[in-house]
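If you want the building blocks of each chain, they are given just below.
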Amino acid sequence: MNLALTRRASAELAGTALLVTAVVGSGIAASRLSPTDTGLQLLENAVATALALGALILMFGPVSGAHFNPVVSAVDWWLGRRAGTGLTARDLAAYIPAQVTGAIAGAVLADLMFGLPAVTWSRTDRTGGNLWLAEVIATAGLVVLVFALARTGRTTAAPAAVGAYIGAAYWFTSSTSFANPAVTVGRAFTDTFAGIAPTSVPGFVAAQLVGGLIAVAALAAWYPHAGHAADAVVVPHPARESATR
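Here the structure is a predicted model, which is why all the values come from computation and not from measurement. (Residues numbered from 1 in each chain as written. Predicted model: local features only at pLDDT ≥ 70, side-chain atom pairs only at ≥ 80, totals over all residues. Heavy atoms only, no water.)

### With respect to the pattern of salt bridges
Inspection of every chain in the model, using the stated rule, returns 2 salt bridges. For arginine 8, the salt bridge is made with aspartate 91, and the minimal N-O distance between the two is 3.3 Å. Placement of the pair is arginine 8 in helix 1 (residues 3-33) and aspartate 91 in helix 4 (residues 89-113), with a sequence separation of 83 residues. The same class applies to arginine 8 as to aspartate 91, namely buried. Arginine 123 is paired through a salt bridge with aspartate 191; the nearest N and O atoms lie 2.7 Å apart. Here aspartate 191 lies in the loop between helix 7 (181-187) and helix 8 (201-222) and arginine 123 lies in the loop between helix 4 and helix 5 (129-151), a separation of 68 residues in the sequence. (Salt bridge = Lys/Arg side-chain N within 4 Å of Asp/Glu carboxyl O. Helix = DSSP H or I, 4+ residues; strand = E, 2+ residues; numbered from the N terminus. Buried < 20%, exposed > 50% of the residue type's maximum accessible area, 1.4 Å probe, protein only.)

Right under this line is the structure:
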């Protein structure tokens, strides 16, 4: 792995870790601050996650593109492979493990900050066709959004748009919009408000992958040349551009 790819993979690891720290940590705080009001807990969790996601895209976007999501990275590779843009297969092989490792580390970090055991497997079952459908919709919408922004030259809006989408999807999906396989795996390591039982993880991840495939089909219909802008997903990252010159 060359230095440029190492730098980008480390940014994906750190960014995904901080994202999951925000998701899990705000969930713990919400359950402690509003112990009798589940709706308020979800609102607090959603607002914190949306704001943190926008800030993290601004922080890490110029380094790695701020994917923080294996589905986004996989679609970026798939759409960009013919145009010679986006992630290479080697990049993808580095990004996905970094994202998953970061997600697990983020859950552990959140637990430790709130005085909980580093790892406690979640007992929150999240299973059923309605939740899987919600994950398909949430993931497909997210992927279409980031590629639409890139294809139309509006990546400067990505931090606000992606944060707003995820914050809203907390409420309009029955699954509270995980929309991210790495984050889903990470959230299995904490038995707190944001947790998901390990036995529920495969169903969520499968639904998210289906959502990614639907997004590819939708982009082919609505943005047929989206692959030409794959280098700008989620935001342009000069580190990759300079490494490929």
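Here the narrative resumes, following the displayed structure.
### Notes on the UniProt feature "transmembrane region" (unreviewed entry) in the protein
Per the UniProt annotation, the sites labelled "transmembrane region" (unreviewed entry) are residues 53-80, 92-119, 131-150, 162-183 and 203-223. End-to-end, the C-alpha atoms of residues 53-80 are 24 Å apart, and along that stretch the chain is 82% helix and 0% strand. The span residues 92-119 is 79% helix and 0% strand, and its two end C-alpha atoms sit 28 Å from each other. (UniProt positions renumbered as here; feature names shortened; annotations may be inferred.)

### Notes on empty space enclosed by the protein
Under the criterion given, the structure shown has 1 cavity of 30 Å³ or more. As for the largest cavity, its lining consists of 23 residues, and the residues nearest its centre are Leu19, Leu53, Leu142, Ile166 and Asn180. The set of elements that each furnish at least two residues to the lining of the largest cavity consists of helix 1, helix 2 (38-64), helix 5, helix 6 (158-172) and helix 7. Looking at the lining of the largest cavity, its residues break down into 16 nonpolar, 6 polar and 1 charged. (1 Å grid on protein atoms, 1.4 Å probe; cavity = no way out; pocket = protein on both sides within 12 Å on 5 of 7 lines; lining within 4 Å. Points joined across faces, edges and corners; volume = space filled by probe spheres on them. Nonpolar A, V, L, I, M, F, W, Y, C, P; charged D, E, K, R; others polar.)

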